[in-house]
Amino acid sequence: MGQLDQKSIIVTGSSRGVGADTARILAGEGASVVVNYRQKAPRANKVVKAIEEAGGRAVAVGGDITDHDDVEALVAAAVQNFGTLDVLVLNASGGMESDLGEDYALRLNRDAQLDLLRTAAQAMQPGSRVVFVTSHQAHFIHEVETMPEYEAVARSKRAGEDALVAEIPALEERGIELVVVSGDMIEGTVTATLLNRARPGALEERRAEAGKLYSVEEFAQEVARMVTADVASGHVELVGGAKGFVPEA
């Protein structure tokens, strides 16, 4: 028996990277997982196939979370395929794209996250949990400057976090918990690659300051752990600490 047997989970942005590894880990613990993707169906289907070959249950569901109709369809897919929706992992983010409009970062990282949270909450039972995935560069943006190339994204993600945290009282009335997982720059992610391309050496500089940067799989393990961790609603998990962002003891 796995720790998440009989649980149904949506992981947004899970056709690759941290989201894909998180989906695989949670499925390995017994969860039935909705693998969400925006455009790349073959990648999502590959994640589903790997989960099924390992004995798990998963379904790939396409949907742009900035589109409310797609959000409703995503939540419905979890209930229709697995009977319930017990956990929502808000992993999808972005905003460094140059072809989706100046306000895309805010629409994706704040407005879409809030819409999905509120929509999913309608289908979730007491004891359910929402996990919001963010970065130290965003979580601490009010205290610590980040690279100019990432500032707009960081501020939009912090705005999203603030909007979600403001929902905690309403979620508590439904018996739903919200926890935040914040990580440093992650080796091998699209964001880290784009930042390093925009500012060559940025990844190496942060690695030297932090002492260690987590791999995609290592960070996904921490995200998955927070699905069942014994922490209070509103808890913020600073993965690997936050050297350079908070004063050292």
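Let me begin by describing the structure that accompanies this report. (Residues numbered from 1 in each chain as written. Predicted model: local features only at pLDDT ≥ 70, side-chain atom pairs only at ≥ 80, totals over all residues. Heavy atoms only, no water.)

1. Remarks on the pairing of strand 4 (residues 85–90)
Counting buried positions along strand 4 gives six out of six residues, so the element sits mostly inside the fold. In this structure, strand 1 (residues 8–11) lies alongside strand 4, joined through three bridges in parallel fashion. Bridge assignment links Ile 10 to a residue of strand 4, and that residue is Leu 88. Sheet topology places strand 4 next to strand 5 (residues 124–135); five bridges connect them, and they run parallel. When the sheet's bridge partners are listed, Leu 88 is paired in strand 5 with Val 130. (Buried < 20%, exposed > 50% of the residue type's maximum accessible area, 1.4 Å probe, protein only. Helix = DSSP H or I, 4+ residues; strand = E, 2+ residues; numbered from the N terminus. Pairing = 2+ DSSP bridges.)

2. What about a positive patch on the surface?
A surface patch of like charges, here positive, comprises Arg 16, Arg 38, Lys 40 and Arg 43. Within the fold, Lys 40 resides in the loop between strand 2 (32–37) and helix 2 (41–53). (Patch = residues over 30% accessible without salt bridge, like charges linked within 9 Å, V, L, I, M, F, W, Y side chains within 5 Å. Areas by Shrake-Rupley, 256 points an atom, 1.4 Å probe, with all protein chains shown as cover. Salt bridge = Lys/Arg side-chain N within 4 Å of Asp/Glu carboxyl O. Lys, Arg positive; Asp, Glu negative; His and termini not counted. Charge placed at Lys NZ, Arg CZ, Asp CG, Glu CD.)

3. Quick word on the side chain of His 139
Relative to the elements of secondary structure, His 139 occurs in helix 5 (residues 136–139). At 2.8 Å, the side chain of His 139 and the side chain of Glu 161 are in polar contact. (Polar contact = N/O pair within 3.5 Å; in protein donor to acceptor, adjacent residues only side chain to side chain.)

4. Quick word on the packing of helix 3 (residues 68–82) against helix 4 (residues 104–121)
Running from N to C, helix 3 and helix 4 point in directions that differ by 40 degrees, and their axes come no closer than 10 Å. Relative to helix 4, the element helix 3 lies oblique. Considering how the two elements wind past one another, helix 3 and helix 4 form a crossing that is right-handed. Residues His 68, Val 71, Glu 72, Leu 74 and Val 75 of helix 3 pack against Asp 115, Leu 116, Thr 119 and Ala 120 of helix 4. (Axes fitted to C-alpha atoms, helices over the stretch in contact; angles between N-to-C directions. Parallel < 35°, antiparallel > 145°, perpendicular 65-115°, else oblique. Left-handed = near helix turned anticlockwise from the far one by under 90°. Contact = heavy atoms within 4.5 Å.)

5. Some details on the sheet that holds strand 4
Spatial strand order, 3-2-1-4-5-6-7: seven strands in an open sheet with parallel pairing. Where the open sheet ends on each side, the last strands, each with one partner, are strand 3 (57–62) and strand 7 (236–238). Averaged over all neighbouring strand pairs, the angle between strand axes comes to 20 degrees, with direction disregarded. Of the strand pairs in this sheet, strand 1 and strand 2 are connected by four bridges, and their pairing is parallel. Note that in strand 2 the partner of Ile 10 across the bridge is Val 34. Packed on one face of the sheet, helix 2 meets strand 2 and strand 3 and runs near 170 degrees to strand 3.

6. Comments concerning the layout of surface pockets
In this structure, the largest pocket occupies an estimated 1100 Å³ of space. Along its surface, the largest pocket is lined by 44 residues, and Arg 16, Ser 93, Gly 94, Val 190 and Thr 191 are the ones closest to its centre. Take the lining of the largest pocket: its biggest share by element is five residues, from helix 8 (residues 190–198). Class assignment for the residues of the lining of the largest pocket results in 18 nonpolar, 18 polar and eight charged. Empty space within the second largest pocket amounts to approximately 250 Å³. Surrounding the second largest pocket, 13 residues form its lining, Glu 145, Thr 146, Met 147, Arg 206 and Glu 209 being those nearest its centre. (1 Å grid on protein atoms, 1.4 Å probe; cavity = no way out; pocket = protein on both sides within 12 Å on 5 of 7 lines; lining within 4 Å. Points joined across faces, edges and corners; volume = space filled by probe spheres on them. Nonpolar A, V, L, I, M, F, W, Y, C, P; charged D, E, K, R; others polar.)

7. Overview of the environment of Ala 92
Relative to the helices and strands, Ala 92 resides in the loop between strand 4 and helix 4. Among the residues examined, Ala 92 registers a relative accessible area of 15% and is labelled buried. Sequence separation of Ala 92 and Gly 2 is 90 residues, and the distance between their C-alpha atoms is 26 Å. For Ala 92, the residues in contact, after removing those within four places along its chain, are Thr 12, Gly 13, Ile 65 and Gln 113.

8. What to know about the packing of aromatic side chains
Summed over the entire model, instances satisfying the criterion amount to one aromatic pair. Between Phe 140 and Phe 245, the aromatic rings sit 5.5 Å apart at their centres with planes inclined by 25 degrees, giving stacked as the arrangement. Taken together, the positions of Phe 140 in the loop between helix 5 and helix 6 (148–165) and Phe 245 in the segment after strand 7 put the pair 105 residues apart, joining distant regions of the chain. Across the pair, exposure class does not vary: Phe 140 and Phe 245 are buried alike. A cation over a ring is seen here: Lys 212 above Tyr 214, with NZ or CZ 5.0 Å from the ring centre. (Phe/Tyr/Trp six-rings, centres within 6.5 Å; stacked < 30°, edge-to-face > 60°. Lys NZ or Arg CZ within 6 Å of the ring centre and 35° of its normal.)

9. Some points on the environment of Leu 74
Of note, Leu 74 is situated in helix 3. The class of Leu 74 is buried, set by a relative accessible area of 1%. Distance in space between the C-alpha atoms of Leu 74 and Thr 193 is 29 Å, their sequence separation being 119 residues. With residues near it in sequence (within four places) discarded, Leu 74 still touches Ile 10, Thr 12, Val 34, Asn 36, Val 61, Ile 65 and Leu 116.

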